[in-house]
Each structure stands twice: as structure tokens, then as C-alpha cells.
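# Inside the fold
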Amino acid sequence: MIPEPQTLDGSAPAQEAGGHLVEPEVRAVYVCDGGRFVGVVTRKTLVERVVAPGRDPRETPVAEIAEPPNWTIDPEVPLDEAFALLEEWDAERVPVVDDGQLVGVLSRAVLQRRLAEDEPPAALDQQQV
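In this text, all values refer to a predicted model and were calculated from it rather than measured experimentally. (Residues numbered from 1 in each chain as written. Predicted model: local features only at pLDDT ≥ 70, side-chain atom pairs only at ≥ 80, totals over all residues. Heavy atoms only, no water.)

### Looking at the pairing of strand 5 (residues 101-107)
When a strand is regular, its side chains alternate between the sheet's two faces. What counts, and what does not: Each residue is placed in one exposure class: buried if its accessible area under a 1.4 Å probe, protein chains only, is under 20% of its type's maximum, exposed if it is over 50%, and partly exposed if it falls in between. Per the convention used, a helix needs a DSSP run of H or I reaching at least four residues, while a strand needs a run of E reaching at least two, with both numbered from the N terminus. The pairing criterion for strands is at least two bridges between them, as found by DSSP.
By the criterion of burial, strand 5 is predominantly enclosed, with 5 of the 7 residues buried. When strand 4 (residues 93-98) meets strand 5, the two strands line up antiparallel, connected through 6 bridges. Residue pairing in the sheet places P95 in a bridge with V105 of strand 5. Connecting the antiparallel pair strand 4 and strand 5 is a turn made up of 2 residues, with D99 showing a positive phi of about 50 degrees.

### Some remarks on the environment of Q101
The condition is simple: The definition of a polar contact used here is a pair of N or O atoms within 3.5 Å, where within protein one atom must be able to donate a hydrogen and the other to accept one, and adjacent residues in sequence count solely through side-chain atom pairs.
Summarising the element assignment, Q101 is placed in strand 5. In this structure, the C-alpha to C-alpha distance between Q101 and R36, residues 65 residues apart in sequence, is 5.0 Å. A distance of 3.1 Å separates the side chain of Q101 from the backbone oxygen of G35, its partner in a polar contact.

Here it is in C-alpha cells:
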């Protein structure tokens, strides 16, 4: 899990989200309002909800443009079950939300590596030549 994803308060301007999204490793900014998880802002969100309609990014609060996530996951879900859900949803990342609070973001790639580490090594073939 990514324990401290890039977050912004809902009152932050869209311009601030854009500043974070120029970093190649940041794919999304997670928006919280009053401690509650509101949604996600991506580059696509900024283009569709700020640039295209001609809104001023310095005056547009991210809470107004944040997209609600397609899915969230509870922190109590076992890792193998969480991985199965990510596979089923074909999602690379999913917010982990506990009672409305964003506690982290689960990454399918990281989870896959973690589960692979937990697997016992395959038995060696006894008939090696």
C-alpha cells in the first residue's frame, strides 16, 4: 500500500493539483474535505473540468472537480482478496478508505510482488539432466 498518497484539501486550487501532476510518478491527486475522502484529480480531470470549460485553475477548488473513485477498498480486506478485486476491476490502484477517511492507496503491481514473496518456491524437478 502507498501509505501517504499525494493529497490535497478540497479547498486547494486546481492549479496546485496540476503542480503535483507534472511529476512523472504522480498519476493522481487524492482530495479530502474535512478529513473525508472526496475523490481523485488526474491530468484528464484538469483538462475536462478546468481547461476545456475555460475555468481559472487558480480559483477552482479541487473539491468541485474531483471525480469520485470507481471503487474503494476497506483496510480489513485480505491481500489475496484485494488483489483478486483489482484484477477483476482491471484497476492499477484503488483508494483504501476506512470510515470515509483515506488511509492509503493499494497498488496492484506492489500487491502482486508482495503476494509472490509470500508464495513458497516451486518444488525442484527431481529428474534434472
